[in-house]
Each structure stands twice: as structure tokens, then as C-alpha cells.
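# Close look at the chain arrangement
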Amino acid sequence: NAGVTQTPKFRILKIGQSMTLQCAQDMNHNYMYWYRQDPGMGLKLIYYSVGAGITDKGEVPNGYNVSRSTTEDFPLRLELAAPSQTSVYFCASRRGQGAGEQYFGPGTRLTVT
Amino acid sequence: GIQVEQSPPDLILQEGANSTLRCNFSDSVNNLQWFHQNPWGQLINLFYIPSGTKQNGRLSATTVATERYSLLYISSSQTTDSGVYFCAVQNSGYALNFGKGTSLLVTP
């Protein structure tokens, strides 16, 4: 199993550009998550999904959108990038509610200039 | 939402020393995990421990759910233990809530 994979690893965007961060998992997990980590801080939840076709906002959803058309994939869309979105983005997955560990991908380091 | 406090915020150890990291949380939990974020930024699962005690090599963890805290013990520390240690908890929601972490530096 590859676990949770993310692409790209690094990206630099100009203000106002858009991009999609890709996330995939091969563990047949129902729950998937997007977090962001700012320097020196813990992780904050952006969006999550409890299954294909179901998504919901986390703590810091503004400026982002998600979709979940398959169990495996959970892309995060940034529209009109702003410097405040400079961060490291982590995708994670878990089998289900009350079901054990949450596993994280390697992260995407995004800089908006 | 549930609050997570970790202490100490920073720790410097000499190789071979032992340490204890603490995580306090403000409500009952059904999930608690400890992670190590290495200097390359990867988040590595250490323990899934909503209650009880677990050991894995030089690391062990104890969660006392009734008193709302968890402890991570590192024995005979090595330079490769350096990084940030996060405690994350979940109660009624769907996702983990993270503390701000303990930054550990182990010197030779």
C-alpha cells in the first residue's frame, strides 16, 4: 500500500492564481481530511469528507473548495490565491468514525507571492 | 471545541537523556494520537492511545482519560528523535484537534 499520497510536493503561486492539490489513498478509508500547518503551529482542519459525495467545512475553510467523487481521491482547490494561504498542506485519511488511527500524507509546501 | 495543551513548548536534551512530554485536553476523548514531525516535515504516527499504556521500543505513552491527560516518554534519546511532537485528540467531531506541539532538540 502507498498509503496517503499528495502532489505536488512544492508549488509557488502568484497572487490571484488558482490550483488544485491532489490527494489519494489506497486503504479504502471512508474519511478524508485536509489540514494546513502554518510555521510553528499545529494543524488546522480545512475540510473533511466522510464518504464519496459528502464534504463539510472544518475550522478554516475560507478560500478553499473540495470535492469527493470517489473513495480514493480528495482534491483541494485554491481559488484566487492569497499570501495568507502560504502554508504546508496535509491530507489525511481514516477508516471511519471511531475506527482507529488517522494517517497523513507527506504534505505540499505552497508559497503565494 | 476541545482544547489541547502541550508542555513543555521547547526541550533541549543531551543524547542518552530521558524526557516526558505532557498533553492536557479539555473534554472526554474517543481518539488520541501522538505524532512525531521530523525535520523534513513528515508526520509519523507514534501511538494511537485513547486510554491505557503502550510501548514501542524507547518510546511509551500513557493516557489517563478520566483525568484528561496523556504522557509521552522518550528514553535514551537519540539525535534522530529531534523534531516536533504533536498530541491530537477527537471527541464528538469527525477530525483530530492538534496541540501546538513540543519542539525537541537532542544534541550529541
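A brief look at the structure comes next. (Residues numbered from 1 in each chain as written. Chains lettered and ligands numbered in written order. Predicted model: local features only at pLDDT ≥ 70, side-chain atom pairs only at ≥ 80, totals over all residues. Heavy atoms only, no water.)

Attention now goes to the interface of chain B and chain A. In this complex, chain B contributes 18 residues to the contact, which on the side of chain A involves 19 residues. Of the roughly 1600 Å² buried where chain B meets chain A, counting both sides, 56% is carbon and sulfur surface. When the buried surface of chain B facing chain A is broken down by residue, Leu43(B), Tyr94(B) and Phe98(B) rank first, second and third, together holding 35% of it. In this structure, the connection of chain B to chain A is made through 0 salt bridges. If you look at where chain B meets chain A, you find 7 residue pairs in polar contact (both at pLDDT 80 or more). Secondary-structure elements contributing two or more residues to the side of chain B that touches chain A are strand 4 (31–37), strand 5 (43–48) and strand 9 (83–90) of chain B. A total of 4 residues in the side of chain B that touches chain A trace back to one element, the largest contributor, which is strand 4 of chain B. (Contact = heavy atoms within 4.5 Å. Buried area = accessible area lost by both parts, 1.4 Å probe. Salt bridge = Lys/Arg side-chain N within 4 Å of Asp/Glu carboxyl O. Polar contact = N/O pair within 3.5 Å; in protein donor to acceptor, adjacent residues only side chain to side chain. Helix = DSSP H or I, 4+ residues; strand = E, 2+ residues; numbered from the N terminus.)

Another point: the side chain of Gln25(A). Residue and element names in this part refer to chain A. Position of Gln25 among the secondary structure elements: in strand 3 (residues 19–25). Among the polar contacts listed, one links the side chain of Gln25 to the backbone nitrogen of Met27, at a separation of 3.0 Å. Separated by 2.9 Å, the side chain of Gln25 and the backbone oxygen of His29 make a polar contact. What Gln25 contacts, discounting residues up to four positions off in sequence, is Gly3, Val4, Met32, Arg68, Thr71, Glu72 and Ser93.

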